[in-house]
Amino acid sequence: GGSVDGVVDVVVIGAGQAGLSAAHHLLRRGVRPAALAAPGERSVVILDAGSGPGGAWRHRWDSLTMATVNGIRELPGMPVVEADPADPANRAVPEYFADFERRFEVPVQRPVRVVRVEDDQETAAQGGTALLRVHALGPDAVPLPPLRTRAILNATGTWTRPFLPATPGAADFRGRQLHTVDYVRAADFAGQRVGIVGGGISALGFLQEIADVAETFWYTRSEPVLEDGPFTQEDGREAVAGVIERVRQGLPVGSVVSNTGLRWTPALRDAQRRGLLERRPMFVRTTPDGVREADGTETGLDTILWATGFRHEVRHLRPLGLHNAAGGIALDGTAVVSDPRIHLLGYGPSASTIGANRAGRAAVTALLAALEREPAVSA
Ligand code: FAD
C-alpha cells in the first residue's frame with residue numbers, strides 16, 4: 001500500500017462488507033485511488049485494520065459454516081462463487097472478499113488502524129467547513145503521517161467492541177469469562193460446567209455445540225421466542241424499520257441481526273428434545289465459584305460464555321463529539337446529522353450484509369452530491 005499522507009476527498013475506514021461496498025461505488029463513479037488521482041480528480045483512501053481481506057468474517061469460529069450462517073448477501077457486482085456449505089465462513093468469505101478486491105482493484109491499505117479523527121485546526125481557523133484529520137497506525141503499530149480529508153465513510157463494524165453487561169460480583173469469579181469473540185471450538189470446554197448467557201443466535205449455536213462435551217446452563221434476561229417458518233423479507237423489513245426509527249431519533253442501537261428474532265431449525269428442535277433449551281432467568285450475581293440464581297440457588301460454573309452481543313466501533317470518532325445526550329448518534333440516511341462530513345455504514349439499520357451493501361451505495365450518492373459543491377482537493 002501507499003503512504004497515508006496528503007489531502008483526499010474521502011477516507012473509507014474499514015473494508016468489511018460495508019466499506020467494500022462503499023469503495024466499489026466510489027470507484028465506479030469515477031473517484032480515484034489517491035495514489036493514482038490526477039489534478040482535479042476526486043480521490044479516496046481505504047484503510048483497514050485487518051491483516052487480510054474479509055472484515056470480521058476472518059475472526060468467526062470454525063464451526064460457523066456457510067450452511068449455519070444466517071445468510072450472507074454478496075458484494076455489489078460480483079456473484080458469490082458457489083461455496084461448499086461445509087466450508088467455514090472464516091475461510092470462504094475472506095476468499096470471496098479477496099477476489100472482489102482483486103477484480104475491482106480496490107486499493108485497501110492494511111493493516112492500518114485509525115485511532116483518532118479530529119477537526120483539522122488549520123482549516124477550521126480559516127472558517128468554512130474544516131477538513132478532518134485522520135490519525136492511524138500502520139504495520140507494527142507505527143504511527144503514520146496524519147491524512148486530511150473532506151469526508152469519512154466509517155465502516156468499522158462491531159467485532160472490536162464486544163459487550164458484556166455489568167454484573168455484580170463479576171470480578172470475584174475464579175473461573176474463565178469469555179465472550180463470543182473468544183470462542184474457538186466446543187472441545188475447549190470438555191468436561192466443564194459452562195454458563196452460556198444470551199438469547200440470540202450465537203448463544204443458541206454455542207449451546208448446541210458445547211452441550212455435546214460439557215454440562216450447559218443457559219441464562220437469558222427474558223424468555224427467547226422462537227418462531228416457525230423461514231425468515232421472510234417482511235420480517236427483515238420490520239426489523240430494519242424499528243432500527244431506522246431509533247437511529248433517526250438518535251437513540252443507541254444494536255445490530256439489525258440482533259433484532260431479527262429466532263427461527264426453529266431441525267437442529268434446534270433436536271436440541272429441545274434433548275432438554276438443552278431449558279432456559280434459566282438471568283443470574284443476579286457472580287460468585288467466586290459460579291453464579292447466584294434469581295431464586296437464591298448457588299450454581300457452580302467453570303466458565304461463563306457471554307454471547308451478549310456487540311456495540312458499534314466508533315471510539316476513534318470520539319474527538320468529533322457525535323454522540324448526543326441519549327448516548328446515540330442521529331443519522332439522516334447514513335450521514336451524521338450533527339456532522340454530515342461523517343457517514344456511518346454498517347451502523348444500526350445497515351448492520352447486516354444486505355444493509356451494508358445498501359449503505360455503501362446510499363452513502364456514496366449522498367457524499368458525491370455534497371462534494372459537488374466543492375472542487376476536488378487534489379486540484
Ligand atoms: P466488519 O465485517 O466488522 O468490517 C469492519 C472492518 O473494519 C474490519 O475489517 C476491521 O478490521 C475494520 N476496522 C475496525 N476498526 C477499525 C479502525 N479503527 N481502523 C481501521 N479499520 C478498522 N450478518 C448477516 O447479514 N448474515 C449473517 O449470517 C451474519 N452472521 C453474523 C455472525 C456473527 C457471529 C456476527 C458477530 C455477526 C453476523 N452478522 C451477519 C452481522 C455482520 O457482522 C454484518 O452483516 C456485516 O458482515 C458487517 O459488515 P461491516 O462491514 O459493517 O463490518
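As a reminder, the structure under discussion sits directly above these lines.
Source: prediction; values computed, not measured.

Asker: Hey, could you go over empty space enclosed by the protein for me, with residue numbers and the actual values?
Answerer: Throughout the structure, instances matching the rule amount to one cavity of 30 Å³ or more. Here the largest cavity defines a volume of roughly 40 Å³. Forming the boundary of the largest cavity are N154, A155, T156, G157, H312, E313, V314, L344, L345, G346 and Y347. The class makeup of the residues in the lining of the largest cavity is five nonpolar, five polar and one charged.

Asker: So, the sheet that holds strand 17 (residues 303-306): which residues are in play, and what are the values?
Answerer: Read across the open sheet, the five strands follow the order 8-17-9-10-13; overall the sheet is parallel. Edge strands, defined here as strands with exactly one partner in the open sheet, are strand 8 (176-179) and strand 13 (279-281). In this sheet, neighbouring strand axes are inclined to one another by 30 degrees on average, regardless of whether the strands run parallel or antiparallel. Two elements, strand 8 and strand 17, share four bridges in a ladder whose sense is parallel. Following the sheet pairing, Q177 is matched in strand 17 by I304.

Asker: Tell me about the environment of A239, and please be specific about residues and values.
Answerer: As for its placement among the helices and strands, A239 is situated in helix 5 (residues 233-248). Each C-alpha atom, one on A239 and one on P349, is 8.3 Å from the other, the two residues being 110 residues apart in sequence.

Asker: Could you give an account of the packing of helix 1 (residues 17-28) against helix 7 (residues 353-371), with specific residues and numbers?
Answerer: In contact at an axis separation of 8 Å, helix 1 and helix 7 are set at 40 degrees when each is read in the N-to-C sense. Classed by the angle they form, the pair helix 1 and helix 7 counts as oblique. In this structure, the crossing between helix 1 and helix 7 has a hand that is right-handed. Contact residues: Q17, A18, S21, A22, H25, L26 and R28 in helix 1; T353, A356, N357, G360, R361, V364, L367 and L368 in helix 7.

Asker: Can you tell me about the side chain of Q17, naming the residues and giving the values?
Answerer: Examined against the element boundaries, Q17 turns out to sit in helix 1. Among the polar contacts listed, one links the side chain of Q17 to the backbone oxygen of E74, at a separation of 3.5 Å. A polar contact is formed between the side chain of Q17 and the side chain of N357, at a distance of 3.2 Å.

Asker: So, the pattern of salt bridges: which residues are in play, and what are the values?
Answerer: Going through the model one piece at a time under the given rule, you end up with 26 salt bridges. When the shortest N-O distance is used, the salt bridge between R133 and D120 registers 2.8 Å. You can see R133 sitting in strand 6 (residues 132-137) and its partner D120 sitting in the loop between strand 5 (113-119) and helix 3 (121-125), a full 13 residues away along the chain. Between E215 and R193 there is a salt bridge, and its shortest N-O distance comes to 3.4 Å. Taken together, the residues span a long stretch of sequence, with E215 in strand 10 (residues 215-220) and R193 in strand 9 (residues 193-197) at a distance of 22 residues.

Asker: Which residues make up the packing of helix 1 against helix 2 (residues 89-103), and what are the values?
Answerer: Taken N-terminus to C-terminus, the directions of helix 1 and helix 2 make an angle of 15 degrees; their axes are 11 Å apart at the nearest point. The angle between the axes of helix 1 and helix 2 places the two elements in the roughly parallel class. In this structure, the crossing between helix 1 and helix 2 has a hand that is left-handed. Seen from helix 1, the contacting residues are Q17, L20 and H24; seen from helix 2, they are F97, F100 and E101. Of the residues contributing to the contact of helix 1 with helix 2, the split by class is three nonpolar, two polar and one charged.

The rules behind these values
One numbering rule holds for all chains: residues counted from 1, following each sequence as written. Only residues with pLDDT of at least 70 are given local features in this predicted model, and only at 80 or more are side-chain atom pairs given and counted; all residues enter the totals for whole chains, interfaces and linings. Hydrogens are left out, water is left out, and the side-chain values use all remaining heavy atoms of the structure. Computed over the protein atoms alone on a 1 Å grid, cavities are sets of points where a 1.4 Å probe fits but cannot get out and pockets are open sets with protein on both sides within 12 Å along at least five of seven lines; a residue lines them when it has an atom within 4 Å of a point. Grid points are joined across faces, edges and corners, and a volume is the space filled by probe spheres set on the points. In this count, Pro and Cys sit with the nonpolar residues alongside Ala, Val, Leu, Ile, Met, Phe, Trp and Tyr, while Asp, Glu, Lys and Arg are called charged and the others, Gly among them, polar. Any two strands are treated as partners once DSSP identifies two or more bridges connecting them. Helix numbering and strand numbering both begin at the N terminus, where a helix is a DSSP run of H or I of at least 4 residues and a strand a DSSP run of E of at least 2. To get an axis, fit a line to the C-alpha atoms, keeping to the stretch in contact for a helix; angles then go from 0 to 180 degrees between the N-to-C directions. If an angle is under 35 degrees, it is roughly parallel; if it is over 145, roughly antiparallel; if it lies from 65 to 115, roughly perpendicular; otherwise it is oblique. What makes a crossing left-handed is the near helix being turned counterclockwise from the far one by less than a right angle; a clockwise turn instead makes it right-handed. Pairs of residues are marked as contacts when any of their non-hydrogen atoms sit within 4.5 Å. Under this definition, polar contacts are N or O atom pairs within 3.5 Å; protein pairs additionally need one hydrogen-donor-capable and one acceptor-capable atom, and for neighbouring residues in sequence, both atoms have to be side-chain atoms. Just to be clear on terms, a salt bridge is a Lys or Arg side-chain nitrogen sitting within 4 Å of an Asp or Glu carboxyl oxygen.

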